[in-house]
Amino acid sequence: MNGASAGAGAGSGGDGALVYQRWKGNNVFVLQGRFVFGPDARSLYATMFLIAAPVSIFCAFVARELMNNFSYGLGLPVMVAAVVFAAYDLSLLLLTSGRDPGIIPRNARPPEPESLDGNAEVGANQTPPLRLPRVKDVVVNGITVKTKYCDTCMLYRPPRCSHCSICNNCVERFDHHCPWVGQCIGLRNYRFFYMFVFSTTLLCLYVFGFCWVYIVKIRDAEQITIWKAMAKTPASIALVVYTFIAVWFVGGLSVFHLYLMSTNQTTYENFRYRYDQRANPYNRGVMENIKEILFTAIPPSRNNFRARVPQDQGVRPHPTNGFMSPNMGRAVGDIEMGRKPVAWDEPRMAAEISDLGAGLSNLLEDKDGRFCNASPDLSRDALAIGGLDDEGSSVMDPGRTSWGVEAGR
């Protein structure tokens, strides 16, 4: 496996590097970008062991014995079915983990900012502040849905898209990040994820059932109690306990995701939005919802990880005077990141900045007339360069007053 450190569409260009070699996300690539895994792909080894080990024990100590107890050669298919079932289950696991879950390529530059529509007053000699709206409204089936701006990927997320902090990618129809498969579950691999969970449930029931068949055959053959028959095959008892515990986990997960599919929800939406308290714009009825997820064509990947990194066409500079981040005008912090929000009063801050610039200009003009002919943009430019840092806090010398003159003079 080999990781990568830069993103698609953001390469420096001209060095012949491939997209997966410059990928900015935390993904791990295999076979020169043909397979893409999450950063915790090593958990796959544990998951594969939890499937392959009990099936191997079943074949060695239970199915092999059943071959000698079933007449007409019916015991052999029991072992063959277990092996095929396990191989199919592991294939679904790799299909879930090793494919693009629906990653949206990040932009090389932010979108064009818009003029600020607010109550902040703009002076005659001041540049109108620009900003990127934090959210935009999109109408889905007659219901307004808010889409967020992603600071990391520099794009507005499509509806049902979310940024995975583990993989560091925006993923379409984001469901959750599954540590058992080491990958995000999204638009392009949710179908395989559900098939994997459901087939694992059936495999557990298969092993559980035939272990009891073997125990019953021992009891009938030797005319002993069921407890003594269980004592004669400890491997069967271990598998019965193991599969009984596992089926509650994968079986419960299968039922839960069946409910999500029937109502056209994702795990993320179910835990965060609670559509039972408001209309779900994506719900089209049980049959249509299941058909959409299990039987419609999977859209192609938006990423060609094995393509050459395109040459940078040049970053179009944005105005620096008065440019406002999408983080301004909202509570600092994101609910998704679990940080405590801090209030930001945008109109008040804009008014204070305007007053600060006017005061600085008047003060400079009063200093013996030395700056009477200074440019009217001087105070604004000085303020834009040194007055505020990226977070909107003052970066002036602490030994100076709010007007920029040393205290005590």
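Just so you know, the residues in each chain are numbered from 1, in the order the chain's sequence is written. Per-residue local features of the predicted model are confined to residues with pLDDT of at least 70, and side-chain atom pairs are confined, for both listing and counting, to 80 or more; whole-chain, interface and lining totals are unaffected and use all residues. As a rule here, side-chain values come from all non-hydrogen atoms in the structure, and water together with hydrogens is ignored.

Description of the packing of aromatic side chains
Here is step 1 of the chain: Pairing of aromatic rings covers Phe, Tyr and Trp, the last counted by its six-membered ring, and requires centre-to-centre distances within 6.5 Å; plane angles under 30 degrees mean stacked, over 60 mean edge-to-face, and any other angle means tilted. Taken as a whole, this structure holds 13 aromatic pairs when the rule is applied.
Here is step 2 of the chain: Consider the rings of Phe-29 and Phe-305, whose centres lie 5.1 Å apart with planes at 55°: the pair is tilted. Of the two residues, Phe-29 is situated in strand S2 (residues 28-30) and Phe-305 in the loop between helix H7 (286-294) and strand S14 (323-324); the sequence distance between them amounts to 276 residues.
Here is step 3 of the chain: Residue classification places Phe-29 among the buried positions, given a relative accessible area of 0%.
Here is step 4 of the chain: Taken together, a centroid distance of 4.9 Å and an interplanar angle of 55° make the contact between Tyr-206 and Phe-210 tilted. Residue Tyr-206 and its partner Phe-210 are both found in helix H3 (residues 190-222); the two are separated by four residues, about one turn of the helix.
Here is step 5 of the chain: Between buried and exposed lies partly exposed: a residue is buried under 20% and exposed over 50% of the maximum accessible area for its type, with that area taken using a 1.4 Å probe on protein chains only. Take Phe-210: its relative accessible area is 22%, and that puts it in the partly exposed class.
Here is step 6 of the chain: Criterion for a charge above a ring: Lys NZ or Arg CZ within 6 Å of the ring centre, and within 35 degrees of the ring normal. One cation-aromatic arrangement involves Lys-136 over Tyr-156; the distance from NZ or CZ to the ring centre is 4.4 Å. Here a strand is any run of E in DSSP of at least two residues, a helix any run of H or I of at least four, and the numbering for each starts at the N terminus.

Regarding the sheet that holds strand S7 (residues 135-140)
Each strand in a sheet pairs with another by means of backbone hydrogen bonds, the pair being arranged parallel or else antiparallel.
Here is step 1 of the chain: For two strands to pair, DSSP has to find at least two bridges joining them. The antiparallel open sheet is built from three strands, whose spatial order is S7-S8-S9. Two strands in the sheet have a free side with no partner beyond their single neighbour: S7 and strand S9 (155-156).
Here is step 2 of the chain: As paired elements, strand S8 (residues 143-150) and S9 share two bridges and run antiparallel to each other. Residue Tyr-149 lies in a different strand from S9, and its bridge partner there is Tyr-156.

Structural notes on the sheet that holds strand S11 (residues 169-171)
Here is step 1 of the chain: In space, the three strands of this open sheet follow the order S4-S11-S10, with antiparallel pairing throughout. Where the open sheet ends on each side, the last strands, each with one partner, are strand S4 (103-104) and strand S10 (162-164).
Here is step 2 of the chain: In the sheet, S4 pairs with S11 via two bridges, with the strands oriented antiparallel. What sits directly across from Ile-104, in S11, is Cys-170.

Some details on the pattern of salt bridges
Here is step 1 of the chain: Salt bridges are identified by distance alone: a Lys or Arg side-chain nitrogen within 4 Å of an Asp or Glu carboxyl oxygen. Counted according to the given criterion, the structure contains eight salt bridges.
Here is step 2 of the chain: Of the charged contacts, one joins Arg-64 and Glu-65 as a salt bridge, the two residues approaching to 3.9 Å between their closest N and O atoms.
Here is step 3 of the chain: The class for Glu-65 is partly exposed, based on a relative accessible area of 25%.
Here is step 4 of the chain: The residue Asp-220 makes a salt bridge to Arg-219 at a minimum N-O spacing of 3.2 Å.
Here is step 5 of the chain: Relative accessible area serves as the criterion here: at 41%, Asp-220 is assigned to the partly exposed category.

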